[in-house]
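Structural overview
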Amino acid sequence: MNSFLFAVVAFAYYLFNKWWINVRKEKAEGFYKPDTYIGIVSNWIIIIGLTITSLVYLFDAIG
């Protein structure tokens, strides 16, 4: 069950990340560009971490 929940959260966070990037691109003049790049990297680290956690729980449930 936990693996499924982490997978759903990872997908939802991915969709939020896409929306956040689009908003930043539309209103680029109001945002500091290096902050946007740092935000993108940190969001992808969170997405990858959630995905790995989901896989760990999945393999734990199987084994």
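The numbers attached to residues start from 1 for each chain and follow its sequence in the written order. Confidence filtering applies because this is a predicted model: local features only for residues at pLDDT of at least 70, side-chain atom pairs given and counted only at 80 or more, and all residues used for totals across whole chains, interfaces and linings. To get the side-chain values, all heavy atoms of the structure are used, and hydrogens and water are removed first.

Considerations on the packing of aromatic side chains
Stacked, edge-to-face and tilted are the three classes for Phe, Tyr and Trp ring pairs, Trp counted by its six-membered ring, which pair at centre distances within 6.5 Å; planes under 30 degrees apart are stacked, over 60 edge-to-face, the rest tilted. Under the counting rule described, the total for this entry stands at 5 aromatic pairs. Plain terms: the ring middles of Phe6 and Tyr57 are 5.5 Å apart, the flat faces sit at 10° to each other, and that makes the pair stacked. Taken together, the positions of Phe6 in helix 1 (residues 2-26) and Tyr57 in helix 2 (residues 33-62) put the pair 51 residues apart, joining distant regions of the chain. Categorising residues by exposure relies on relative accessible area from a 1.4 Å probe, with only protein chains included: less than 20% of the type maximum marks a residue as buried, more than 50% marks it as exposed, and the intermediate range marks it as partly exposed. Classification of Tyr57 as partly exposed rests on a relative accessible area of 36%. An aromatic cluster of at least three residues, connected via ring pairs, comprises Phe11, Tyr14 and Trp44. Strands here mean DSSP runs of E at least two residues long; helices mean DSSP runs of H or I at least four residues long; both are numbered from the N terminus.

Thoughts on the pattern of salt bridges
For this document, the term salt bridge refers to a Lys or Arg side-chain nitrogen within 4 Å of an Asp or Glu carboxyl oxygen. Considering all chains together, one arrives at 1 salt bridge under this definition. With a closest N to O distance of 3.1 Å, Asp35 and Arg24 form a salt bridge. Note that Asp35 is positioned in helix 2 and Arg24 in helix 1, a separation of 11 residues in sequence. Looking at Asp35, the relative accessible area reads 39%, which means it is partly exposed. Relative accessible area serves as the criterion here: at 11%, Arg24 is assigned to the buried category.

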